[in-house]
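# Overview (structure and organization)
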Amino acid sequence: MSQTGIHEDSAANDPFEQFRIWWDDAQARSGMNEPTGMSLATADAEGRPSNRIVLLKYWDRRGFTFFTNYNSRKGRELLENPWASLLFWWDKLRRQIRVQGPVEKLPEQESDAYFASRPRGSQIGAWASQQSRPLDSRDTLSQRVAELEKEFGDGPITRPLHWGGFRVVPHEIEFWDDGAHRLHDRIVYRRQGQQWLTERLYP
Ligand SMILES: Cc1cc2nc3c(=O)[nH]c(=O)nc-3n(C[C@H](O)[C@H](O)[C@H](O)COP(=O)(O)O)c2cc1C
């Protein structure tokens, strides 16, 4: 069992408070290269699922925000079927969190602000990559990057419209904590209007 298990008497009443405790712990002592990484599951209009790792860039009571290419597979799926499931697994802490809910495209100004904060190389990369489309060779991509570097010179790089953020608005957040003999602790918070209902689940 991990050091601070999750129990009815110790779990926070508010899922964001509980998330904050585990999130801070993961950033401090997960021992991972990318403790902000999460699996993002989407589904196409026919309900066929796919998932991949993305980085959680920030979160607050409005939801969980990541950035990507809107024309990528995930981007297209989220635009046609705006629901997602996020999954964190911090191996050393033996903890898993699942977040599910509808997804909103970030307002343009919010994506602009985040794009402006990125290193220049990543900004060029966002212009250069037609994420999830076929690429004939690595050279084609390198040439495109070189062209863009020349085009932009030392000038400012604006955000490409095909790149920006999505926010997953949680309807349900489940915390899983490893227990002895596979008797794990699972606490799920479900949004009910302005409130959150808490329930323990069988492991
Ligand atoms: C550790 C890690 C972090 C990643 N972070 C992001 C990210 O924040 N945004 C993103 O679009 N892709 C990210 N990727 C790449 C995605 O996993 C994926 O390959 C890419 O977005 C294309 O996915 P899609 O074709 O399903 O849309 C990351 C991959 C790894 C392994």
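These figures come from a predicted structure and were not determined experimentally. (Residues numbered from 1 in each chain as written. Predicted model: local features only at pLDDT ≥ 70, side-chain atom pairs only at ≥ 80, totals over all residues. Heavy atoms only, no water.)

## Remarks on the side chain of His184
- Mapping His184 onto the fold places it in the loop between strand 8 (172–177) and strand 9 (185–192).
- His184 has contacts with Trp176, Asp177, Asp178, Gly179 and Pro203, leaving out every residue within four places of it along the chain. (Helix = DSSP H or I, 4+ residues; strand = E, 2+ residues; numbered from the N terminus. Contact = heavy atoms within 4.5 Å.)

## Concerning the UniProt feature "domain: Pyridoxine 5'-phosphate oxidase dimerisation C-terminal" (unreviewed entry) in the protein chain
- Annotation from UniProt places "domain: Pyridoxine 5'-phosphate oxidase dimerisation C-terminal" (unreviewed entry) at residues 163–203.
- As a span, residues 163–203 carries 0% helix and 63% strand, and end to end its C-alpha atoms are 39 Å apart. (UniProt positions renumbered as here; feature names shortened; annotations may be inferred.)

## Quick notes on helix 5 (residues 138–152)
- Here helix 5 is 15 residues long and its end C-alpha atoms lie 21 Å apart, about the 21 Å a rise of 1.5 Å per residue gives.
- Count one or two residues on from helix 5 and you reach Gly153, which has phi positive near 55 degrees. (Expected span 1.5 Å × (residues − 1).)

## Digging into the packing of aromatic side chains
- Counted under the stated rule, the structure contains 21 aromatic pairs.
- Judged by centre distance (5.3 Å) and plane angle (85 degrees), the rings of Trp22 and Phe175 are edge-to-face. Of this pair, Trp22 sits in helix 1 (residues 15–29) while Phe175 sits in strand 8, placing them 153 residues apart in sequence. Like Phe175, Trp22 is buried.
- Judged by centre distance (6.2 Å) and plane angle (75 degrees), the rings of Trp89 and Trp176 are edge-to-face. Residue Trp89 is found in strand 5 (residues 83–90), and its partner Trp176 is found in strand 8; the two are separated by 87 residues along the sequence.
- Through successive ring pairs, a cluster of aromatic residues spans Phe16, Phe19, Trp23, Trp59, Phe64, Phe88, Trp90 and Trp196.
- It is Lys105 that lies over the ring of Tyr70; its NZ or CZ is 4.5 Å from the centre. (Phe/Tyr/Trp six-rings, centres within 6.5 Å; stacked < 30°, edge-to-face > 60°. Buried < 20%, exposed > 50% of the residue type's maximum accessible area, 1.4 Å probe, protein only. Lys NZ or Arg CZ within 6 Å of the ring centre and 35° of its normal.)

## Focus on the side chain of Ser111
- Looking at the element boundaries, Ser111 is found in helix 3 (residues 108–116).
- A polar atom in the side chain of Ser111 sits 3.0 Å from the backbone nitrogen of Gly165.
- For Ser111, the contacting residues outside a window of four places in its chain are Phe67, Tyr70, Leu106, Arg159, Gly164 and Gly165. (Polar contact = N/O pair within 3.5 Å; in protein donor to acceptor, adjacent residues only side chain to side chain.)

## Section: the nonpolar core
- Within the largest apolar cluster, 31 residues are counted, with the highest numbers of intra-cluster contacts made by Phe19, Phe64, Phe88 and Ile97.
- Those elements giving two or more residues to this core turn out to be helix 1, strand 1 (37–43), strand 4 (63–69), strand 5, strand 6 (95–105), strand 7 (163–168), strand 8 and strand 9.
- Per-element tally for this core: the top contributor is helix 1, with five residues.
- In terms of nonpolar packing, the next biggest core, distinct from the first, is built from eleven residues, Ala128, Leu148, Phe152 and Trp163 among them. (Core = buried A, V, L, I, M, F, W, Y, C linked by side-chain atoms within 4.5 Å.)

## Thoughts on helix 1
- Relative to the 21 Å expected for 15 residues at 1.5 Å per residue, helix 1 spans 21 Å between its end C-alpha atoms, a close match to the ideal helical length.
- Of the residues making up helix 1, those classed as buried are Pro15, Phe16, Gln18, Phe19, Trp22, Trp23, Asp25 and Ala26.

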